[in-house]
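Chain by chain, the residues:
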Amino acid sequence: MRAVALRGGRLGVRDIPDPVPGPGELLLRVRSTAICASDVHFMDQPELSLQDPTGRSLYDADREVVLGHEFVGEVIGHGPQCSDQFPLGTRVTSIPIRLVNGGADGAHIIGQHPDSPGSFAELVVVSESIARAADSAASDDAVALTDAFAVGEFYVRSANLQPDEVPIVIGAGAIGLSTVAALVRRGIAPILVSDFQSDRRDLACNGFGAHIAIDPAEQEPLDAVRAIRSERGLWGAAVVFECVGVPGLIQKLVDTADMGTRIYCAGGWYTGDTLDITSATRQGVTLQFGGGPWPQDWYGTLDAIVAGDLDPVPSIGRIVTLDEVPEAMDLARRSAGPPRIMVHPNGDCS
């Protein structure tokens, strides 16, 4: 099959052997897959996967790693011991985890381990036990974005906002938009969103339902929260969803926060950072890093997309072929492209 593979630090489109489904596994023909910032981080910070104590990810410069973990495909084959739950032709997606020996020997992140090739390829293997059918009118691209939008769902569920609390989303990229969508689905208002790029602020409001857009070049985000709290008499805690991942940002948020502010750090911290614990203690803030999405967030997001209650498609700005993935990955690295770029490894990109 053709695939986008990383080897020796270089990304390229190569012909590699077709993956073979093992016991309890499905072979999918990939219909759509999305480029995620974590694909870029896996390339750019290989030391994290060289030192992953969980064994879920592994960078090996001498072996090919096929990237990609947000996908939907069509069942074209079954490994031994599969049930009849997913007949040939069923449209299927999955949490991007491949269970090793049915889970008895742990798990790999699909697309971040040489033994679990990802979805930037014509074919991908998934574990039947955690796969789900996606039989609905939702598009392939929408279903493929389940994993991305489950991230926002996890953080918003974790925050458990109360009626008098004011949320602000810092960064209107893919994860910021997923956070806005999760807030909107709960009927929360007002939702503030802050981003330097005007087109992303517009998308957050007009495409996903945020209420107030802030340009941080003109107004400090937490000053905007204070103004809204005063204007509307909302005196609960400010709830900050940090969806950028820029070093120094969390410290700035801590330093400018009011007492009791909760900060959910969804930006993905792959390059390291520091935090003044004394300042955080003085400000009385609560911080949460990582930890999700949990299966309930992932499957709940898929259910919402399949039912038509959540439409992630407005986040898509470009659809590319396998041959265009290396250039598109560079756009994602520089945050120069749209929030989501989709890849159609086997199909039309119109």
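Presented here is an overview of the structure given in this document. All values reported here derive from a predicted model rather than from experimental measurement.

Where empty space is left becomes clear once a probe the size of a water molecule has been rolled over the atoms. The volume enclosed by the second largest pocket comes to roughly 160 Å³. Residue composition of the lining of the second largest pocket, grouped by class: two nonpolar, six polar and two charged.

A few words on empty space enclosed by the protein. Counted according to the given criterion, the structure contains one cavity of 30 Å³ or more. Considering only enclosed or pocket space, the largest cavity measures out at about 30 Å³ in volume. Around the largest cavity, the lining residues are His 69, Glu 70, Phe 71, Thr 93, Ser 94, Val 143, Ala 144, Thr 146, Asp 147 and Trp 298. Secondary-structure elements contributing two or more residues to the lining of the largest cavity are strand E5 (70–78), strand E6 (91–94), helix H3 (140–144) and helix H4 (146–159). Split by residue class, the lining of the largest cavity holds four nonpolar, four polar and two charged.

Across four bridges, the pairing between strand E17 (residues 316–320) and strand E18 (residues 340–343) is parallel. Of the residues in E18, the one forming a bridge with Val 320 is Val 343. Following the backbone out of E17, through helix H11 (residues 325–333) and into the adjacent parallel E18, one traces a crossover that is right-handed.

Looking now at the pattern of salt bridges. Throughout the structure, instances matching the rule amount to 22 salt bridges. Arg 2 is paired through a salt bridge with Asp 323; the nearest N and O atoms lie 2.6 Å apart. You can see Arg 2 sitting in strand E1 (residues 2–7) and its partner Asp 323 sitting in the loop between E17 and H11, a full 321 residues away along the chain. Measuring nitrogen to oxygen at the nearest pair gives 3.5 Å for the salt bridge that ties Arg 185 to Glu 153. Note that Arg 185 is positioned in helix H5 (residues 174–185) and Glu 153 in helix H4, a separation of 32 residues in sequence. Judged by its relative accessible area of 12%, Glu 153 falls in the buried class. The network of salt bridges with common partners includes Asp 44, Asp 330, Arg 333 and Arg 334.

What follows covers the packing of aromatic side chains. Within this structure, the stated rule accounts for five aromatic pairs. Aromatic side chains Trp 298 and Tyr 299 sit 5.6 Å apart centroid to centroid with 80° between the ring planes, which places their arrangement in the edge-to-face category. An identical accessibility class is assigned to Trp 298 and Tyr 299; each is buried. Looking at Arg 132, its charged tip hangs above the ring of Tyr 299, at a distance of 4.1 Å from the centre.

In the contact formed by helix H1 (residues 37–44) and H11, the axes pass within 9 Å of each other and the chain directions differ by 95°. Here H1 lies roughly perpendicular to H11, going by the angle between them. Contact residues: H1 offers Asp 39, Val 40, Met 43 and Asp 44, while H11 offers Met 329, Ala 332 and Arg 333. Class assignment for the residues of the contact of H1 with H11 results in four nonpolar, no polar and three charged.

Let us look at the sheet that holds strand E2 (residues 10–15). One open sheet holds the three strands; their spatial order is E2-E1-E4, and the pairing between them is antiparallel. Single-partner strands in this sheet number two, and they are E2 and strand E4 (65–66). Sheet topology note: the E1/E4 ladder contains two bridges and is antiparallel. Pairing of Ala 5 across the sheet is with Val 66, part of E4.

Following Ala 189, the chain continues to Pro 190 via a peptide bond in cis, the omega torsion being -5°. Mapped onto the elements of the fold, Pro 190 is located in the loop between H5 and strand E12 (192–194). Even without a glycine there, the phi angle at Gln 81 is positive, about 70°. In this structure, Gln 81 sits in the loop between E5 and E6. You can call Gln 81 exposed: its relative accessible area is 71%. Its identity is not glycine, yet Asn 101 carries a phi of approximately 55°, on the positive side.

Turning our attention to the environment of Trp 235. Looking at the element boundaries, Trp 235 is found in the loop between helix H7 (221–232) and strand E14 (238–242). The class of Trp 235 is exposed, set by a relative accessible area of 57%. Here the alpha-carbon distance between Trp 235 and Trp 298, two residues 63 residues apart in the chain, equals 32 Å. Ignoring anything within four residues of it in the chain, the contact list for Trp 235 reads Asp 164, Arg 229 and Ser 230.

About the cut-offs
For every chain, the first residue of its written sequence is number 1, and the numbers climb from 1 along that sequence. Only residues with pLDDT of at least 70 are given local features in this predicted model, and only at 80 or more are side-chain atom pairs given and counted; all residues enter the totals for whole chains, interfaces and linings. The side-chain numbers reported here are obtained from all heavy atoms of the structure, hydrogens and water having been left aside. In the cavity and pocket records, a cavity denotes points on a 1 Å grid over the protein atoms alone where a 1.4 Å probe fits but cannot get out, a pocket denotes an open set with protein on both sides within 12 Å along at least 5 of 7 lines, and lining residues are residues with an atom within 4 Å of a point. Grid points are joined across faces, edges and corners, and a volume is the space filled by probe spheres set on the points. Basically, the charged four are Asp, Glu, Lys and Arg, the nonpolar ten are Ala, Val, Leu, Ile, Met, Phe, Trp, Tyr, Cys and Pro, and anything else, Gly included, counts as polar. The helix count covers DSSP runs of H or I at least four residues long, the strand count covers runs of E at least two residues long, and both are numbered beginning at the N terminus. When DSSP locates at least two bridges between a pair of strands, those strands are taken to pair. For the handedness criterion, the strands are oriented away from the viewer, and a crossover whose path from the first strand over the helix to the second runs clockwise is classed as right-handed. Salt bridge criterion: a side-chain nitrogen from Lys or Arg within 4 Å of a carboxyl oxygen from Asp or Glu. Between buried and exposed lies partly exposed: a residue is buried under 20% and exposed over 50% of the maximum accessible area for its type, with that area taken using a 1.4 Å probe on protein chains only. Classification of ring pairs rests on two measures: the distance between centres of Phe, Tyr or Trp rings, Trp counted by its six-membered ring, which must be within 6.5 Å, and the angle between planes, read as stacked under 30 degrees, edge-to-face over 60 and tilted in between. Placement of a charge over a ring requires the Lys NZ or Arg CZ to be within 6 Å of the ring centre, with the centre-to-atom vector within 35 degrees of the ring normal. Think of each axis as a best-fit line through the C-alpha atoms, taken over the contacting stretch in the case of a helix, with angles from 0 to 180 degrees between the N-to-C directions. Any angle that falls under 35 degrees is termed roughly parallel, while one over 145 is termed roughly antiparallel, one within 65 to 115 roughly perpendicular, and all others oblique. In what follows, residue pairs with any heavy atoms lying within 4.5 Å of each other are defined as contacts.

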